[in-house]
Amino acid sequence: MRFFAALIFVLTTTLAQAQVREMDTVQLVNPKTVIPDHPRLLLLKGEEKLLQKSINSKRIWKQVHSSILHQCDSLIATKPVERVLLGVRLLAKSRECLYRVFYLSYAWRMTHEEKYLKRAEQELLAVSNFSDWNPSHYLDVAEMTMAAAIGYDWLYDDLSEKSRTIIREAILKKGVGTSYDSAYPNYRKWLSVTNNWNQVCNAGISFGALATWESDPELARRVINRSVASIDIAMKDYDPDGAFAEGYTYWGYGTTFNIMFLSAIEKVFKTDFGLGKSAGFLKTACYLENMIGPTGKNFNYSDASESGILQPAMLWFGNKLKDPSLLWNERLQLTDLRIKLNADRLLPAILIWGKDVDPEKVEAPKKLLWTGAGRNPVALMRSSWTDPNAIFVGIKGGSPKVTHGHMDVGSFVLEADGIRWGKDFGAQDYTPLELRNIDLWADRQDGQRWEIFRYNNFAHNTLTVNNQLQQVTGKGVITSTTSDPAFLSAVADISTVYKGQVAKAERGAAIVDKKYVLIKDEIETSDAEVMVRWKMLTSALVKVSGNQAELIQWGKRLRIIVPEPANIVMQTWSTEPPKDYDEPNPGTTLVGFEVKIPAHSKSTFNVFLVPGGTLPDTLTTPKPLKDWH
């Protein structure tokens, strides 16, 4: 087995290297192309006036602008970032530098107050004098290169020649040049992957090339040609419907940097070289919008944090698609208080991308159910977009094998009455694990990643058979959905992640009559009896009694009722971390039941989750999953 795994790795690596070599031969940018003078990244010289006009006429943009200036004022007295690694990463410093330089450069261009220019120049010179930008973890190089490129380009006319030379040489040697360093082939592996590394690294290095174009036009053209070919691989991963395999948090990272790249090349070349025609990519804004429940929390599967945040890329999509309803969640993130607290390092970009949109005139979306296929399929449904007490359910298929994936196939989240009742732990901080030499990226079946409590199926709202792990090579697929407001539903076939454990496993999730939720499982066993555990993670106080459980949180109640299978007994399990490297999980409980299913038999679980203190007059007898569509 290890031999075949090694062979597959060698073949995959060889193919990836060949793919990268082919990218180096792509010719898209005409050698005779004349590009704009500085500043040329995102906002051309003179466009500040149009931006200021938008700021003056829209209250929210005026507040964002004022918040950026306020944060810049607080940066004046701070010291520049220092080259201090956290674990294997310089990334925190790269991100801090990008935040500071982007904000300060914006403030200089919009106000011409010299304090912003001087402080930005100080930051740029400090990072330019670092020994390197930590190319062994290439995201660090990418974000630092973008920071230096924006500062160099936006402040070009006002920097001294000496400062320009120092910053330019750093961009070329510590940034752009490392992406061609044959002595370190691992520096280039991001070119052929589908995940956020592709998008972030291509964007950062391309910003460096565009900013320093005059110094080496041939190198700059090579970078842009290669980046267009490379980032197209990542953009195709959104097909067919826009669902992002890595989940909400990494959507915000990868997609926003992808948009930074598209926005930059469109501004310079007046074309995106066909990348903007990617159908799945253009649909991904609907995915992201539907990922947020009425509480403002997202369906945080995979390595994602629970809180919804301002997503700058959504402003680009809203403008590109001429659909302001895509900004329904962003308008809430742009309230007075949240603007003051926001320190997104790319915040100035929303003023550029959103200048033609007024967030205060955004209407609610119309569709109550959204579903997306792809490598990590997901279905998202709600009883209302405008009711803060609406019911919201997200359910997923997919595979543990996707980048940042968990053993969460079949898992769901649930909201009602303004409470997240069924939740997901989401990510655990990587650095402490890596410092303990935990191989959290070992995603083979016996990989150490699955020993981390938050990453395996024991901690997710899905099924566990005979106390075994889900199969990493399996994949759950969404097989049907219904969009009737009286029965919003999705069905997932999750059989292959239980290969060797059961013959078949399907799960359906439905919002019934906009009043309650039904989770229905249909399981078929093979030639052995199995013990199946059904569970849901919650932060609520749990009281169990027979086949029911009452969840109480913030004075609200949710009742779980399991009429089928007969004679089940609800119980709870501790979320106490089993390993000393697992993060603590205070205030959480797993609630559910266990059932023995005989060999060569079929069993159905009907689990009703009913918000409020009283039950409805009737709970609809569920149809078989095959009849849901």
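Rules behind the numbers
- Residues numbered from 1 in each chain as written.
- Predicted model: local features only at pLDDT ≥ 70, side-chain atom pairs only at ≥ 80, totals over all residues.
- Heavy atoms only, no water.
- Helix = DSSP H or I, 4+ residues; strand = E, 2+ residues; numbered from the N terminus.
- Expected span 1.5 Å × (residues − 1).
- Buried < 20%, exposed > 50% of the residue type's maximum accessible area, 1.4 Å probe, protein only.
- Salt bridge = Lys/Arg side-chain N within 4 Å of Asp/Glu carboxyl O.
- Disulfide = S-S within 2.5 Å.
- Axes fitted to C-alpha atoms, helices over the stretch in contact; angles between N-to-C directions.
- Parallel < 35°, antiparallel > 145°, perpendicular 65-115°, else oblique.
- Left-handed = near helix turned anticlockwise from the far one by under 90°.
- Contact = heavy atoms within 4.5 Å.
- Nonpolar A, V, L, I, M, F, W, Y, C, P; charged D, E, K, R; others polar.
- Pairing = 2+ DSSP bridges.
- Core = buried A, V, L, I, M, F, W, Y, C linked by side-chain atoms within 4.5 Å.
- Phe/Tyr/Trp six-rings, centres within 6.5 Å; stacked < 30°, edge-to-face > 60°.
- Lys NZ or Arg CZ within 6 Å of the ring centre and 35° of its normal.
- pLDDT = per-residue confidence, 0-100.

Novice: Can you help me understand helix H6 (residues 138-154) in this one?
Specialist: Helical geometry note: an α-helix holds 3.6 residues per turn, so side chains three or four residues apart project in the same direction. Spanning 17 residues, H6 covers 24 Å between terminal C-alpha atoms, matching the ideal 24 Å at 1.5 Å per step. In terms of residue burial, H6 counts as a mostly covered element, since 17 of its 17 residues are buried.

Novice: Can you help me understand the pattern of salt bridges in this one?
Specialist: Oppositely charged side chains are able to pair whenever their charged atoms sit close together. As enumerated under the stated definition, the model contains 37 salt bridges in all. Taking the shortest distance from any N to any O, the salt bridge between Lys-115 and Glu-113 comes out at 3.6 Å. For Lys-115, a relative accessible area of 37% corresponds to the partly exposed category. One continuous salt-bridge network, built from bridges that share partners, spans Glu-96, Arg-100, Arg-119 and Glu-123.

Novice: What's the story with the state of the cysteines in this structure? I'm lost.
Specialist: By definition, a disulfide links two cysteine residues through a covalent bond between their sulfur atoms. Within the structure shown, the criterion is met by 0 disulfides. Of all cysteine sulfurs in the structure, the one in Cys-72 sits closest to Cys-97, which takes part in no disulfide; the separation is 13 Å. Summary of cysteine pairing: Cys-201 is not part of a disulfide, and the nearest cysteine sulfur, belonging to Cys-97, is at 16 Å. Owing to a relative accessible area of 0%, Cys-201 belongs among the buried residues under this scheme.

Novice: Teacher, can you tell me more about the packing of helix H5 (residues 114-128) against helix H7 (residues 161-175) here?
Specialist: How two helices pack is summed up by the angle between their axes together with the distance between the axes. For the pair H5 and H7, interaxial distance at closest approach is 9 Å and the crossing angle is 45 degrees. Compared by their axis directions, H5 and H7 come out oblique. Relative to H7, H5 is oriented so that their crossing is left-handed. Seen from H5, the contacting residues are Glu-121, Leu-124, Leu-125 and Ser-128; seen from H7, they are Ser-163, Ile-166, Ile-167, Ala-170 and Lys-174. Residues that form the contact of H5 with H7 fall into these classes: 5 nonpolar, 2 polar and 2 charged.

Novice: Even after reading the chapter, I still don't get H5, so can you show me in this structure?
Specialist: For H5, which comprises 15 residues, the first-to-last C-alpha distance of 21 Å matches the rise-based estimate of 21 Å (1.5 Å per residue) to within 8%. The inward-facing, buried residues of H5 contact helix H3 (59-75), helix H4 (91-111), H6 and H7.

Novice: What's the story with the pairing of strand E17 (residues 602-611) in this structure? I'm lost.
Specialist: Two faces, one strand: in a regular strand the side chains alternate between the faces of the sheet. Counting buried residues in E17 gives 8 out of 10 residues, a clear majority hidden from the surface. Strand direction decides the pairing type here: strand E10 (residues 516-524) and E17, joined by 8 bridges, are antiparallel. Bridge pairing links Asp-521 to Phe-605 in E17. Bridge analysis of strand E14 (residues 556-564) against E17 gives 5 bridges, and the strand direction is antiparallel. Directly across from Ile-560, in E17, lies its bridge partner Leu-609.

Novice: I tried to follow the pairing of strand E4 (residues 412-416) on my own but got confused; where do I start?
Specialist: With respect to burial, E4 is a largely interior element, 5 of its 5 residues being buried. Where burial is concerned, the two faces of E4 agree: the one with Phe-412, Leu-414 and Ala-416 and the one with Val-413 and Glu-415 are both buried. Bridging between strand E3 (residues 392-396) and E4 involves 4 bridges; their strand directions are antiparallel. Looking at the pairing, Ile-395 lines up with Phe-412 of E4. Hairpin connection, E4 to strand E5 (residues 419-422): the antiparallel pair is bridged by 2 residues, and Asp-417 has positive phi, about 55 degrees.

Novice: Honestly, the packing of helix H2 (residues 48-57) against H4 in this entry has me stumped. Any pointers?
Specialist: Across the interface, H2 lies against H4 with an axial gap of 10 Å and an inter-helix angle of 90 degrees. It follows that H2 is roughly perpendicular to H4 by the angle criterion. For the pair formed by H2 and H4, the contact residues are Glu-48, Leu-51, Gln-52 and Ile-55 on the first element and Tyr-106, Arg-109 and Met-110 on the second. A breakdown of the residues in the contact of H2 with H4 according to their chemical character gives 4 nonpolar, 1 polar and 2 charged.

Novice: Got a minute to help me understand the nonpolar core in this structure?
Specialist: Nonpolar side chains in soluble globular proteins tend to be buried together. Counting 185 residues, the largest nonpolar core has Val-64, Met-260, Tyr-287 and Ile-560 as its most contacted members. For this core, the leading source of residues is helix H10 (residues 248-269), giving 13 residues. Core analysis: the second largest hydrophobic core is formed by 10 residues, Val-512, Ile-561, Phe-608 and Trp-628 among them.

Novice: Just checking my understanding: could you explain the packing of aromatic side chains for this structure?
Specialist: Think of a pair of aromatic rings as described by two things: how far the centres are apart, and how the planes are tilted against each other in angle. Throughout the structure, instances matching the rule amount to 21 aromatic pairs. Note on Phe-299 and Tyr-301: the rings are 5.1 Å apart at their centroids and 75 degrees apart in plane angle, and the pair reads as edge-to-face. With a centroid separation of 5.3 Å and 75 degrees between ring planes, the pair formed by Phe-593 and Phe-605 is classed as edge-to-face. Here Phe-593, found in strand E16 (residues 589-597), pairs with Phe-605, found in strand E17; they are 12 residues apart in sequence, far enough to count as distant. Under the relative-accessibility criterion, Phe-593 is labelled buried at 0%. Residue placement shows Arg-95 over the ring face of Tyr-253; its charged tip is 4.7 Å from the ring centre. Positioned over the ring face of Tyr-156 is Arg-164, at 4.5 Å from the centre of the ring.

Novice: Quick question: what am I supposed to make of the confidence of the model for the chain here?
Specialist: Of all residues in the chain, 95% attain a pLDDT of 70 or more, and the chain-wide mean is 94. Below pLDDT 50 for its whole length, residues 1-12 participates in 1 contact with residues either more than four positions away or in separate chains.

Novice: Just checking my understanding: could you explain the sheet that holds strand E6 (residues 463-465) for this structure?
Specialist: Neighbouring strands of a sheet are bound in pairs by backbone hydrogen bonds; such pairs are parallel or else antiparallel. One open sheet accounts for 4 strands, arranged E6-E11-E16-E15; its pairing is antiparallel. Each having just a single partner strand, E6 and strand E15 (571-573) make up the two edges of the open sheet. Mean inter-strand twist for the sheet, computed between neighbouring axes without regard to direction, equals 35 degrees. Across 3 bridges, the pairing between E15 and E16 is antiparallel. Residue pairing across strands places Gln-571 opposite Gly-592, the latter belonging to E16.

Novice: Got a minute to help me understand the environment of Ala-107 in this structure?
Specialist: Along the chain, the position of Ala-107 falls in helix H4. Remark: the alpha-carbon pair of Ala-107 and His-70, spanning 37 residues in sequence, is separated by 9.7 Å. Beyond its immediate stretch of four places on either side in the chain, Ala-107 contacts Leu-69, Cys-72, His-112 and Tyr-116.

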